[in-house]
Amino acid sequence: MRQAEMAPDRLLKEGARQENVLLDVQGLTKHFPVKGSLDAFNRNRPSVKAVSNVSFQLFEGETFGLVGESGCGKSTTGRTLMRLIEPTEGKAIYRGKNIFEQSSKELRKTREEIQMVFQDPYSSLNPRKRIGSILQEPLIIHSIGKRNEHTDRVMDIMQKVGLLPEQYYRFPHEFSGGQRQRIGLARALIANPKLVICDEPVSALDVSIQSQIINLLKRMQGEFNLTYLFVAHDISVVRHISDRIGVMYLGNMVEVAPTDSLIQNPLHPYTKALLSAVPIPNPRIKRERIALKGEIPSPLNPPAGCVFHTRCPFATDRCKQEVPESREMAPGHTVACHLYD
Amino acid sequence: MNPEKLLEVKRLRTHFKTETGRVTAVDDVSFHVNKGEILGIVGESGCGKSVTSQSILRLFDEKYLVKYEGEIIFKNEIDLLKLSKAQMRQARGNEISMIFQDPLSSLNPVLTIGFQIAEAIMLHENTSKEEAMAQAVEMLRLTGIPSPEKRVHDYPHQLSGGMRQRVMIAMSLACKPRLLIADEPTTALDVTIQSQILDLIEDINKRFDMGVIFITHDLGVVAELCDRVVVMYLGQIVEEADIYNLFENPKHPYTKGLIQSIPHMDGDREEELHVIAGTVPSLENVPVGCRFAPRCQFADEQCNSQAPELRGIGDGQKVRCWHAEQIAERKEEVYATS
């Protein structure tokens, strides 16, 4: 195990924020061709524009939260970074190298350092394997350590994520949802990664279990000096865990800001509406909700100009034609909206 | 002034026959819903909240699967559990209706939504097909579906998730029921759509003075919508309180734990979230004493050996805990461990 220097992790994060960019995503685009359309050779074959020209950076040791509603492309973004889905365009620079151009051999090395935790811990664990061998697999694949040390390493990580040694020989179905998520996290951490992409890791869990896993994620981050890309739709969870948050709408990144800045001073009309719709567990607070009209347009045929203009209460003619550029309004707080030109 | 009771559930027990024996999913549950009130039922998966609501409508197979005990008194006169199959069918949809979490699997994919709403109307009221279709358009308009006269001819797959839930609500309201049971109706929806549906349910509740039982696991939704709440844990009600007491003065350690474990929009992000230790035991393996005792930080010998009853502790609040009063005073301590 790499022993992280015992600097308080808050200090570490502060220091890291300025310099060390761990992952630089530039202009990430993913279009899924629509299957079954007759004109397979036609160049203008229809496609689902899942992610369009998304750029952001991950700093070493931080948690970057990605929020948005279903179909906004947040999960696709996470998955393309692991190349579980091949991107259509763009770059993802990890330690000076573009992940999207790596050969499969290089990619294997990268995937040792970038791991993933999935939403449904049950369908992401092989039901026929015992926990011990599920957790050993990353060590074998990436040839980490000697074979006879593997059991010790597995025991070590199991203890760290709160699993008991006697559970080594159990099968996934013998565990509850929360424990399965602990196994999923252990599997991601055993290869000693730098970056962990968490795709809705607590969405399937009950409230009392959810808080256990969130605390565990935070604790592990401090212990292993991890960087998280945290994809989720629950804004209060993302707020709790993230240092910075990016808001996505219909495949576009509309706003990126440090957490407190985003929650207290949201700039984009969509972010404002989204935040106002989050139910607050306090019966004395009756807020004015910003009601959005209509529904999210189809990503097959997203609106021209600003993608949000069809539902935006402030849309002007310019929004219908011109795609807004991202601009920095405060330190680290960028927004893509014509209102701020 | 005593509000009129619309539905009263008395000592309801729902037993399921399983391969390994009898499982009591709902055990001694009593509560009531007043006319025009929104009652929340809160709890985590497996606590019996959905089984309770489906028992009210007797949706389970009574021949092979389930056995009910207790009484479910509707409008102070009818015991739903004593009705014949035919009488029960008359009550469903007409007097009491229900909406579910997943509207797509509750709608028939090969029939237009207009037909499905009209069908419900024709089943209970003596109307022609044309009248029923016209009423269906009105119901769609009422639930906020744009250009309803065109939409009645749509099939479920042509609508978005939020629209489908509106169709479900339109269908459940078609016969002007006195009670609407909503089982996690917004769980599958995005927050901006969820807030639209919550507004709609609140509006309907006010406009028709209709009682609503709203089942959810989301305390934020409860705070926005409900007047009164029952909290369930492992097949039993552990606490009943009005919405303000629930959040400001929770008496049961489980309720307290739940409220403290959700991340707040204005909480301290550096602090760890409160955790309820352990997991929910299985229904086949229910603890002898208080069902929450194995996870409770205040549990003592009495809790481990004797099961507490749900008891009133003033201000309409009820709690199933031996030590509720003492725990309530130890507020600081609870917060200190969070």
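### Considerations on the overall build of chain B
If you tally the helices and strands in chain B, you get 14 helices and 12 strands. In terms of overall dimensions, chain B is globule-like: its C-alpha atoms have a radius of gyration of 21 Å, near the 20 Å expected for 338 residues. When burial is assessed residue by residue, chain B has 46% of its 338 residues classed as buried. Pairs at least 24 apart in sequence give 64% of the contacts found in chain B among residues at least 6 apart.

### Regarding the domain arrangement of chain B
Residues and elements named next belong to chain B. In terms of domain boundaries, chain B breaks down into domain 1 (5–232) and domain 2 (250–337). With centres defined by C-alpha atoms, the gap from domain 1 to domain 2 works out at 30 Å. Tallying the contact residues gives eight residues for domain 1 and nine residues for domain 2. When residues in the side of domain 1 that touches domain 2 are grouped by element, the largest group, three residues, is from strand β2 (residues 21–34). Considered class by class, the residues forming the side of domain 1 that touches domain 2 number four nonpolar, three polar and one charged.

### A closer look at the nonpolar core
Ranked by internal contacts, the top residues of the largest apolar core, which has 92 residues, are A:A186, A:L229, A:F230, A:Y249 and A:V254. Tallying contributions element by element places helix α7 (residues 207–224) of chain A first for this core, with six residues. The residues touching A:L229, leaving out its near neighbours within four places in the chain, are A:L58, A:F64, A:L66, A:G78, A:L195, A:I197 and A:C198. Grouped together as the second largest cluster of nonpolar side chains are 91 residues, B:I38, B:I145, B:V238 and B:F292 included.

### Looking at the domain arrangement of chain A
Residues and elements named next belong to chain A. Taken domain by domain, chain A comprises domain 1 (9–249) and domain 2 (268–341). The partner domain 2 presents 12 residues to the 10 residues of domain 1 that form the contact. Put simply, the parts of the chain that give the side of domain 1 that touches domain 2 at least two residues each are β2 (47–59), α8 (235–241) and β9 (244–249). The element that contributes the greatest number of residues to the side of domain 1 that touches domain 2 is β2, accounting for three residues. Here the residues of the side of domain 1 that touches domain 2 are counted per class, giving six nonpolar, two polar and two charged.

### Side note on the interface of chain A and chain B
Every contact between the two is made by 30 residues of chain A and, on the other side, 36 residues of chain B. Those elements that place two or more of their residues in the side of chain A that touches chain B are α7, α8 and α10 (269–277) of chain A. The element that contributes the greatest number of residues to the side of chain A that touches chain B is α7(A), accounting for seven residues. Across the side of chain A that touches chain B, the residue classes break down as 15 nonpolar, 10 polar and five charged.

### Considerations on the sheet that holds strand β12 (residues 333–336) of chain A
Residues and elements named next belong to chain A. Taking strand neighbours across the sheet as the criterion, the eight strands line up as β6-β7-β8-β3-β9-β10-β12-β11 in an open arrangement whose pairing is mixed. The open sheet has two free edges, formed respectively by β6 (114–117) and β11 (326–330), since each of these has just one partner strand. Each adjacent strand pair in this sheet contributes to an overall mean axis angle of 20 degrees, direction not counted. Summarising the sheet, strand β3 (residues 63–67) and β9 pair through four bridges and their orientation is parallel.

### Concerning the confidence of the model for chain B
All names here are of chain B. Confidence in the prediction for chain B averages 90 pLDDT; 97% of positions are at 70 or higher. A low-confidence stretch, residues 332–338 stays under pLDDT 50, and its non-local contacts, those more than four residues away or across chains, total four contacts. Interface confidence for the predicted complex, expressed as ipTM, amounts to 0.85; the pTM equals 0.88.

### Notes on the packing of helix α7 (residues 161–173) of chain B against helix α8 (residues 191–208) of chain B
Relative placement of two packed helices is described by the angle separating their axes and the distance separating the axes. Residue and element names in this part refer to chain B. One can describe the packing of α7 onto α8 by two numbers: an axis separation of 10 Å at closest approach and a directional angle of 15 degrees. The angle between α7 and α8 places the two elements in the roughly parallel class. Crossing geometry of α7 relative to α8 is assigned as right-handed. Counting all contacts with α7, which are made through G161, G162, Q165, I169 and L173, the residues of α8 involved are I193, Q196, I197, L200 and I204. Here the contact of α7 with α8 is built from residues that sort into six nonpolar, four polar and no charged.

### Considerations on the pairing of strand β3 (residues 38–42) of chain B
Residues and elements named next belong to chain B. Counting buried positions along β3 gives five out of five residues, so the element sits mostly inside the fold. Summarising the sheet, β3 and strand β8 (residues 211–216) pair through five bridges and their orientation is parallel. Across the sheet, residue G40 finds its bridge partner in β8, namely F214. Here β3 runs beside strand β9 (residues 228–233); their pairing, made up of four bridges, is parallel.

Rules behind the numbers
Residues numbered from 1 in each chain as written. Chains lettered and ligands numbered in written order. Predicted model: local features only at pLDDT ≥ 70, side-chain atom pairs only at ≥ 80, totals over all residues. Helix = DSSP H or I, 4+ residues; strand = E, 2+ residues; numbered from the N terminus. Rg over C-alpha atoms; globule rule 2.2 N^0.38 Å. Buried ≥ 20, exposed ≤ 12 C-beta atoms within 10 Å, placed from the backbone. Contact = placed C-beta atoms within 7 Å. Domains from an automatic or database assignment. Nonpolar A, V, L, I, M, F, W, Y, C, P; charged D, E, K, R; others polar. Core = buried A, V, L, I, M, F, W, Y, C linked by C-beta atoms within 7 Å. Pairing = 2+ DSSP bridges. Axes fitted to C-alpha atoms, helices over the stretch in contact; angles between N-to-C directions. pLDDT = per-residue confidence, 0-100. Parallel < 35°, antiparallel > 145°, perpendicular 65-115°, else oblique. Left-handed = near helix turned anticlockwise from the far one by under 90°.

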